[in-house]
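Here is what each chain is made of, one letter per residue.
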Amino acid sequence: MSDDDLQLATDDEARIEAILRSMTEADLELESPPLDLWDDIDAAVRLESLSVDPSTAAAPAAPEGAKVIDITSRFRRGSAYFAAAAAAVVVVIGAVVVAASSNDDTSEVVGEAELVWDDGFVAEGTDVTISTTILAEGEVDAVRIDDGSLPTRADEDLELWLIGVDDAGELTIQTLGVIDDASGTYEVPADFDPDAFETVLVDISFEPRDGVETHSGASIVRGPIVEA
């Protein structure tokens, strides 16, 4: 079989890729084969081992009332298509993996912020320094916490914020969410535009679990974003 025999048309590859992408866990559940399938396979294998042409050989006797299905010709007819389809699936899966791998590294570093304690912040942050990186991926910006060790308080969350300061000194405070991982990446909401401000600060604070969405004022560390 030549390589050309294993090639599928572009439409077939697209159809196979669409099927793969649409599969769910339910599609992977095993189904019980027909009860007579293994008898048919055994008969076909026996014919092969005897080097008998199944198109001329007599079929083995079946019990009275049994349903006999000749599947030997299906094996031969389907083998070439199956090989081609399998090769195409491998190509498609490989392309998807490569695309996913390349997408993992599409973010561009556009800035950084060193977060430190300052007068008026909570005492737990006195000796804390946190390094962060500002990322951009298309229209999506994100703040990545690179390293540092954050203090904790019982029954309170650590929360990440952006504070935009305009040229009149007015503040816009935007939460990026609760910090679950000290080295995580947190997406900036689309309605917060860093370019609209004179300065943008990254802030980490203690927040009580009281359902209030505004900043508590209990900042641990803070620092301005500097362009990379």
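None of these values were measured; they are calculated from a predicted model.

**Let's talk about the side chain of Thr133**
As for its position among the elements, Thr133 is in strand S2 (residues 129-137). Judged by relative accessible area, which is 9%, Thr133 ranks as buried. A distance of 2.3 Å separates the side chain of Thr133 from the side chain of Asp146, its partner in a polar contact. Excluding its chain neighbours within four sequence positions, the residues that come into contact with Thr133 are Val109, Gly111, Glu112, Ala142, Val143, Arg144 and Asp146.

**Examining the pairing of strand S5 (residues 171-178)**
Within a regular strand, the side chains alternate between the two sheet faces. Pairing of strand S4 (residues 156-165) with S5, which is carried by seven bridges, proceeds in the antiparallel orientation. Bridged to Val165 within S5 is Leu171. Hairpin geometry of S4 and S5 is characterised by an intervening segment of five residues between the two adjacent antiparallel strands and by a positive phi of about 85° at Gly169.

**A few points about the pattern of salt bridges**
Under the definition given, this model contains five salt bridges. Residue Arg209 is joined to Asp157 by a salt bridge in which the shortest nitrogen-to-oxygen separation is 3.0 Å. Placement of Arg209 in the loop between strand S7 (199-208) and strand S8 (219-224) and of Asp157 in strand S4 is noted, with a sequence separation of 52 residues between them. A residue is classified by how much of its surface remains accessible, and Arg209, at 57% relative accessible area, is exposed. Three or more residues are tied together by salt bridges with common partners; here these are Glu124, Arg153 and Glu156.

**Some thoughts on unusual backbone geometry**
In the Ramachandran plot, Asp155 falls in the positive-phi region, its phi being about 65° despite a non-glycine side chain. Looking at where Asp155 falls in the secondary structure, it is placed in the loop between strand S3 (140-147) and S4. Taking relative accessible area as the criterion, Asp155 reaches 61% and is therefore assigned exposed.

**Here we look at the environment of Ile179**
You can see Ile179 is positioned in the loop between S5 and strand S6 (185-187). Taking the C-alpha atoms as reference points, Ile179 and Leu150, separated by 29 residues in sequence, lie 10.0 Å from one another. Those residues in contact with Ile179, other than ones at most four positions away along the chain, are Ile145, Leu150, Leu158, Glu159, Leu160, Tyr186 and Ile204.

**Quick notes on the nonpolar core**
The biggest cluster of nonpolar side chains holds 25 residues, and the ones touching the most others in it are Ile130, Val143, Leu160, Leu162, Ile179, Val202 and Ile204. Going through the elements one at a time, strand S1 (108-116), S2, S3, S4, S7 and S8 are the ones with two or more residues in this core. Here this core gets four residues from one element, more than from any other, and that element is S7. Look past the residues within four positions of Leu162 in its chain and what remains in contact with it is Val143, Thr172, Ile173, Gln174, Leu176, Val188, Phe192, Val200, Leu201, Val202 and Ile225.

**As for the pairing of S2**
The buried fraction of S2 amounts to seven of the nine residues, a majority that puts the element mostly inside the structure. Sheet topology places S1 next to S2; eight bridges connect them, and they run antiparallel. Bridge pairing in S2 links Val109 to Leu135.

**Observations concerning the confidence of the model for the chain**
In the predicted model, the chain carries a mean pLDDT of 75, and the fraction of residues at 70 or more is 60%. Counting contacts from residues 54-60, a segment whose pLDDT is below 50, to residues more than four positions away or on other chains yields six contacts. Across residues 65-104 the pLDDT falls below 50, and counting only partners more than four positions away or on other chains, this stretch makes 31 contacts in the model.

**With respect to the environment of Arg222**
Among the structural elements, Arg222 can be located in strand S8. For Arg222, a relative accessible area of 27% corresponds to the partly exposed category. In the structure, Arg222 is positioned 61 residues away from Trp161 in sequence and 9.3 Å away in space, judged by C-alpha atoms. Contacts of Arg222, omitting those with residues within four sequence positions, involve Glu114, Leu115, Val116, Phe121, Ile163, Leu201, Val202 and Asp203.

About the cut-offs
Residues numbered from 1 in each chain as written. Predicted model: local features only at pLDDT ≥ 70, side-chain atom pairs only at ≥ 80, totals over all residues. Heavy atoms only, no water. Helix = DSSP H or I, 4+ residues; strand = E, 2+ residues; numbered from the N terminus. Buried < 20%, exposed > 50% of the residue type's maximum accessible area, 1.4 Å probe, protein only. Polar contact = N/O pair within 3.5 Å; in protein donor to acceptor, adjacent residues only side chain to side chain. Contact = heavy atoms within 4.5 Å. Pairing = 2+ DSSP bridges. Salt bridge = Lys/Arg side-chain N within 4 Å of Asp/Glu carboxyl O. Core = buried A, V, L, I, M, F, W, Y, C linked by side-chain atoms within 4.5 Å. pLDDT = per-residue confidence, 0-100.

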